[in-house]
Amino acid sequence: MTSLFMKQSLICICLFAGGISDLYKARVNNALIMTSFLLILGVRLVFLEEIAYPLSLSLFTAAVLFPLYKFRLMGAADIKIFALILFAFPGMDGLEIIFYGLLMAAVFNISGR
């Protein structure tokens, strides 16, 4: 198995579990987010991938988006999920995933679902 396949699989599982948790409990459990971070960290360690850049990018993302949380423009779970995505896929790949996720959320919001 390749590192990319494992990260994609883990992110899909984690996002699906987070979506189900959000749907039924109206919040994403912090233990789920932390477990996801640790699983992605494990994949990065096993495949000897860089850790410092993705981790700093995740923390930077959380710091930049924190004011949006304080003004209630974005939920804490959204910020944590964005940081998780950027930890798994740093750079333009992660930003593309986030962009399409926000685009889908906007379409569902406009359609009233």
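In case you missed it, the structure is sitting above this.
Here is what the cut-offs are and how they apply
- Residues numbered from 1 in each chain as written.
- Predicted model: local features only at pLDDT ≥ 70, side-chain atom pairs only at ≥ 80, totals over all residues.
- Heavy atoms only, no water.
- Helix = DSSP H or I, 4+ residues; strand = E, 2+ residues; numbered from the N terminus.
- Rg over C-alpha atoms; globule rule 2.2 N^0.38 Å.
- Buried < 20%, exposed > 50% of the residue type's maximum accessible area, 1.4 Å probe, protein only.
- Contact = heavy atoms within 4.5 Å.
- Core = buried A, V, L, I, M, F, W, Y, C linked by side-chain atoms within 4.5 Å.
- Axes fitted to C-alpha atoms, helices over the stretch in contact; angles between N-to-C directions.
- Left-handed = near helix turned anticlockwise from the far one by under 90°.
- Nonpolar A, V, L, I, M, F, W, Y, C, P; charged D, E, K, R; others polar.
- Salt bridge = Lys/Arg side-chain N within 4 Å of Asp/Glu carboxyl O.
- Phe/Tyr/Trp six-rings, centres within 6.5 Å; stacked < 30°, edge-to-face > 60°.

Caption draft 1: Structural context of the overall build of the chain. A tally of regular secondary structure across the chain gives five helices and zero strands. Of the regular secondary structure in the chain, the N- to C-terminal order runs α-α-α-α-α. In terms of overall size, the chain behaves like a compact globule, its C-alpha atoms giving a radius of gyration of 14 Å where 113 residues would be expected to give roughly 13 Å. With 113 residues in all, the chain has 28% of them scored as buried. The long-range share in the chain, meaning contacts at least 24 apart out of those at least 6 apart in sequence, stands at 62%.

Caption draft 2: The side chain of Ser21, seen in detail. In this fold, Ser21 is placed in helix 1 (residues 3-25). Discounting chain neighbours no more than four positions away, the residues touching Ser21 are Ala26, Arg27, Val28 and Asn29.

Caption draft 3: Local environment of the nonpolar core. Ranked by size, the top nonpolar core spans 22 residues in total, and within it Ile11, Phe37, Ile40 and Leu84 carry the most contacts. Secondary-structure elements contributing two or more residues to this core are helix 1, helix 2 (30-46), helix 3 (52-70) and helix 4 (76-88). Per element, the largest residue contribution to this core is nine residues, and it comes from helix 4. Setting aside chain neighbours within four positions, we find Phe37 in contact with Ser58, Lys80, Ala83, Leu84 and Phe87.

Caption draft 4: Seen up close, the packing of helix 4 against helix 5 (residues 92-111). The geometry of helix 4 relative to helix 5 is characterised by a closest axis approach of 8 Å and an angle of 145° between their N-to-C directions. As helix 4 packs across helix 5, the resulting crossing turns out to be right-handed. For the pair formed by helix 4 and helix 5, the contact residues are Phe82, Ile85 and Leu86 on the first element and Gly94, Leu95, Ile97, Ile98 and Leu102 on the second. Considered class by class, the residues forming the contact of helix 4 with helix 5 number seven nonpolar, one polar and no charged.

Caption draft 5: Representation of the pattern of salt bridges within the structure. The final tally for this structure, using the stated rule, is two salt bridges. Here Glu49 and Arg44 are joined by a salt bridge, their closest N and O atoms 3.0 Å apart. When its relative accessible area of 3% is taken as the criterion, Arg44 is described as buried. Here the salt bridges do not stand alone but share partners, grouping Lys7, Arg44 and Glu49 into one network.

Caption draft 6: Inspection of the packing of aromatic side chains at higher detail. A complete count under the given rule lists three aromatic pairs for this structure. Here the aromatic rings of Phe66 and Tyr69 are separated by 5.9 Å at their centres, their planes lie at 40°, and the arrangement is tilted. Separated by three residues within a single helix, Phe66 and Tyr69 lie in helix 3, roughly one turn from each other.

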